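The primary structure of each chain is shown beneath.
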Amino acid sequence: MELIKTDIEGVVIIEPRIFKDARGYFFESFSQREFDEKVGHVEFVQDNESMSSYGVMRGLHFQRPPYTQAKLVRCVRGKVLDVAVDIRKGSPTYGRHVAVELTEDNHRQFFIPKGFAHGFAVLSETAVFQYKCDEFYHPEADGGISILDNSLGIDWRIPTEHAILSEKDTKHPLFKDFDSPFSPF
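What counts as what
Residues numbered from 1 in each chain as written. Predicted model: local features only at pLDDT ≥ 70, side-chain atom pairs only at ≥ 80, totals over all residues. Heavy atoms only, no water. Helix = DSSP H or I, 4+ residues; strand = E, 2+ residues; numbered from the N terminus. Rg over C-alpha atoms; globule rule 2.2 N^0.38 Å. Buried < 20%, exposed > 50% of the residue type's maximum accessible area, 1.4 Å probe, protein only. Areas by Shrake-Rupley, 256 points an atom, 1.4 Å probe, with all protein chains shown as cover. Phe/Tyr/Trp six-rings, centres within 6.5 Å; stacked < 30°, edge-to-face > 60°. Lys NZ or Arg CZ within 6 Å of the ring centre and 35° of its normal. Pairing = 2+ DSSP bridges. Axes fitted to C-alpha atoms, helices over the stretch in contact; angles between N-to-C directions. Contact = heavy atoms within 4.5 Å. Core = buried A, V, L, I, M, F, W, Y, C linked by side-chain atoms within 4.5 Å.

S.K.: Please explain the overall build of the protein as it appears in this structure.
M.R.: Each helix and strand counted, the protein has 1 helix and 13 strands in total. Listing each helix as α and each strand as β along the protein from the N terminus yields β-β-β-β-α-β-β-β-β-β-β-β-β-β. Compactness check: the protein gives a C-alpha radius of gyration of 16 Å against a globular reference of 16 Å for 185 residues, within 12% of the reference. Burial status across the protein gives 48% buried among its 185 residues. As presented, the protein carries roughly 9800 Å² of accessible surface, and 49% of it is formed by carbon and sulfur atoms.

See below:
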């Protein structure tokens, strides 16, 4: 695998080595040994999958301490725009984001460390999205920031009138009204 560094330290795009021939293709979607060597040791404990249609926007989610989560995400069918927003108080990149297009064709993965809010928008007719988490889901620790907050400067590539959000995601605060639960950087 090849790591592509982003403008925010610790947030990386993973480009797998893909072996293609007349039969199709093969690649290792995850190797603990290689991940430890190139990214760092993270012990993933839960895998999740969602299927969504065009215009669905999920996020921007995080879990409050002590149940913070790092995530390794990928799109196995369709195309999504995936985003990580730095919510670590005192971080030099606080409030900044990294966006990456994940598709069934590019096979890229996106590693989002603890201390980031995460969300994605479905750009294809449908998308199947998979992610690994290093902490179990704790509903009592759920947190979020409005995915439609223009002050974050995220171009979701979906007209607002086509955005489909859950009721829960429509109630998250704007970033300016958000009090980060993450300790100073």
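Next, the rest of the story.
S.K.: Just checking my understanding: could you explain the packing of aromatic side chains for this structure?
M.R.: One pair of aromatic rings is described through two measures. These are the centre distance and the angle between the planes. Inspection of the entire model under this criterion finds 11 aromatic pairs. Aromatic side chains Phe30 and Phe35 sit 5.6 Å apart centroid to centroid with 45° between the ring planes, which places their arrangement in the tilted category. Note on Phe30: relative accessible area 28%, which makes it partly exposed. Assessed through its relative accessible area of 1%, Phe35 is described here as buried. Seen from their ring centres, Tyr94 and Phe175 are 5.2 Å apart, and the 45° between their planes marks the pair as tilted. One end of the pair, Tyr94, is in the loop between strand 8 (79-86) and strand 9 (97-103); the other, Phe175, is in the segment after strand 13 (142-144), and 81 residues separate them in sequence. For Tyr94, a relative accessible area of 31% corresponds to the partly exposed category. A connected cluster of aromatic rings, assembled from ring pairs, spans Phe62, Tyr94, Phe175, Phe178 and Phe182. Between Lys132 and the ring centre of Phe30, over which it is positioned, the NZ or CZ distance is 5.0 Å.

S.K.: I'm lost on the pairing of strand 6 (residues 57-63) in this one. Help?
M.R.: One face of the sheet, then the other: side chains in a regular strand alternate in exactly this way. The buried fraction of strand 6 amounts to 5 of the 7 residues, a majority that puts the element mostly inside the structure. In this structure, strand 6 lies alongside strand 11 (residues 116-122), joined through 3 bridges in antiparallel fashion. Note on strand 11: the bridge partner recorded for His61 is His118. For strand 6 and strand 13, the ladder comprises 3 bridges, and the chain directions are antiparallel. The residue bridging Gln63 from the neighbouring strand is Asp142, located in strand 13.

S.K.: Help me understand the sheet that holds strand 11, please; the structure alone is not making it clear to me.
M.R.: By way of backbone hydrogen bonds, the strands of a sheet pair with one another, either parallel or antiparallel. Here we have 5 strands laid out as an open sheet, ordered 9-8-11-6-13, and antiparallel in their pairing. Unpaired on one side and paired on the other, strand 9 and strand 13 mark the two borders of the sheet. The average angle at which neighbouring strand axes cross in this sheet is 30°, direction not considered. The sheet contact formed by strand 8 and strand 9 spans 7 bridges and is antiparallel. Residue pairing in the sheet places Asp82 in a bridge with Val100 of strand 9.

S.K.: Looking at this structure, how should I read the side chain of Asp86?
M.R.: Of note, Asp86 is situated in strand 8. On the basis of relative accessible area, Asp86 is assigned to the buried category, the value being 0%. Once residues lying within four places of it in the same chain are set aside, the contact partners of Asp86 are Ile8, Ser91, Thr93, Tyr94, Gly95, Arg96, Gly115 and Phe116.

S.K.: Before we go on, may I ask you to explain the nonpolar core in this structure?
M.R.: General note: in soluble globular proteins, nonpolar side chains tend to be found buried as a group. Counting residues in hydrophobic clusters, the biggest one holds 19 residues, and the most contacted among them are Leu60, Val85, Ile87, Ile145 and Trp156. Contributions of two or more residues to this core are made by strand 6, strand 8 and strand 11. Excluding residues within four positions of it along the chain, Ile145 makes contact with Gly59, Leu60, Phe62, Ile87, Ala117, Leu152, His172, Pro173, Leu174, Phe175 and Phe178. Counting 18 residues, the second largest nonpolar core, distinct from the first, contains Ile8, Ile112, Phe116 and Val122.

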